[in-house]
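Observations on the model geometry
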Amino acid sequence: MYANYHTHTARCKHAGGTEREYIECAIKAGMKVLGFSDHAPQIFGTDYVSGIRMLPEEAPEYVATLQALKKEYKNDIDIHIGFEAEYYPEIFDKLKSLCRQNGIEYLILGQHSIETDGTPDIPWCSAETTDSGRLTLYVDRVIEALSTGYFSYLAHPDIFHFVGDEKIYRKEMERLCVAAKSMNVPLEYNLLGVYGNRYYPADRFFDIVKDVQNDVIIGCDAHSPNALSDTVELQEKSREKLEKAGLNVLNILPFRKI
């Protein structure tokens, strides 16, 4: 695996390891490019504090730490600094400003919820549902996000855990895939889902990806350093599987300007 652009840090409160450890493990795995994309610090405008992302005031230190390591390891690996973010339209301008102020290079879209964090009894996209209306809302939100032109790829595009009518699932996810292709936005094959035995990446989704012929990018979604170095065989097998299915797997991610 030449590159990974989906890497977290301990600042998100549910990952472990130091940035240096991630970098060392990426080098051990033979990677030439490592992008850090910890969960973006959203500016909610309320007293709500998220338990799954860094605080806005932590962003400068996040960037400074990685910039220093980028210089230190410049002869060994190319380091990039980004965020994984949900698209919440009402506060997206605040996120863009924070990214620009801190020199964030890229955003990947990880739409873990449709409603903004802090909404009472928020239903996460990972919760099983037969509600086709919510599936439509998820696809609408993702397409709206990608249409902004700021997201370089779509992480775990099949995270919405729909267990209802398969015809509806295919219709909505085909709509998502067609929109992503029209905007040249790659879709992620998420390795955390593979080694974590999750319900994604889902064959039924990637059957649609094959039909639409979207570009695919493999993402480790690393929440620990060894997720980079101990999954080399899995990385290779995943690429082989996707290429055998006739999919175009990208090595390098073109960044979209924030």
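In what follows, the accompanying structure is described. Computed from a predicted model, the values in this text were never measured in an experiment.

1. Quick word on the packing of helix H5 (residues 166–182) against helix H7 (residues 203–212)
- The geometry of H5 relative to H7 is characterised by a closest axis approach of 9 Å and an angle of 45° between their N-to-C directions. Classified by the angle between their axes, H5 and H7 sit oblique to one another. As for the relative orientation of H5 and H7, their crossing is right-handed in sense. Note on element contacts: H7 touches H5 through Arg 204, Phe 205, Ile 208, Val 209, Asp 211 and Val 212, opposite Glu 166, Tyr 169, Arg 170, Met 173, Glu 174, Leu 176, Cys 177, Val 178 and Lys 181.
- Residue classes in the contact of H5 with H7 are distributed as nine nonpolar, no polar and six charged.

2. A word on unusual backbone geometry
- The omega torsion of the bond from Tyr 200 to Pro 201 falls at 0°, within 30 degrees of zero and hence cis.
- Within the secondary structure layout, Pro 201 lies in the loop between helix H6 (191–195) and H7.
- With phi around 75°, Lys 13 is a residue other than glycine that occupies positive phi space.
- With respect to the secondary-structure elements, Lys 13 resides in the loop between strand S1 (3–4) and helix H1 (19–28).
- By relative accessible area, Lys 13 is classed as partly exposed at 44%.
- At Asn 197, a residue that is not glycine, the phi angle is positive and equals roughly 55°.
- Among the structural elements, Asn 197 can be located in the loop between H6 and H7.

Thresholds, definitions, all that
Residues numbered from 1 in each chain as written. Predicted model: local features only at pLDDT ≥ 70, side-chain atom pairs only at ≥ 80, totals over all residues. Heavy atoms only, no water. Axes fitted to C-alpha atoms, helices over the stretch in contact; angles between N-to-C directions. Helix = DSSP H or I, 4+ residues; strand = E, 2+ residues; numbered from the N terminus. Parallel < 35°, antiparallel > 145°, perpendicular 65-115°, else oblique. Left-handed = near helix turned anticlockwise from the far one by under 90°. Contact = heavy atoms within 4.5 Å. Nonpolar A, V, L, I, M, F, W, Y, C, P; charged D, E, K, R; others polar. Buried < 20%, exposed > 50% of the residue type's maximum accessible area, 1.4 Å probe, protein only.

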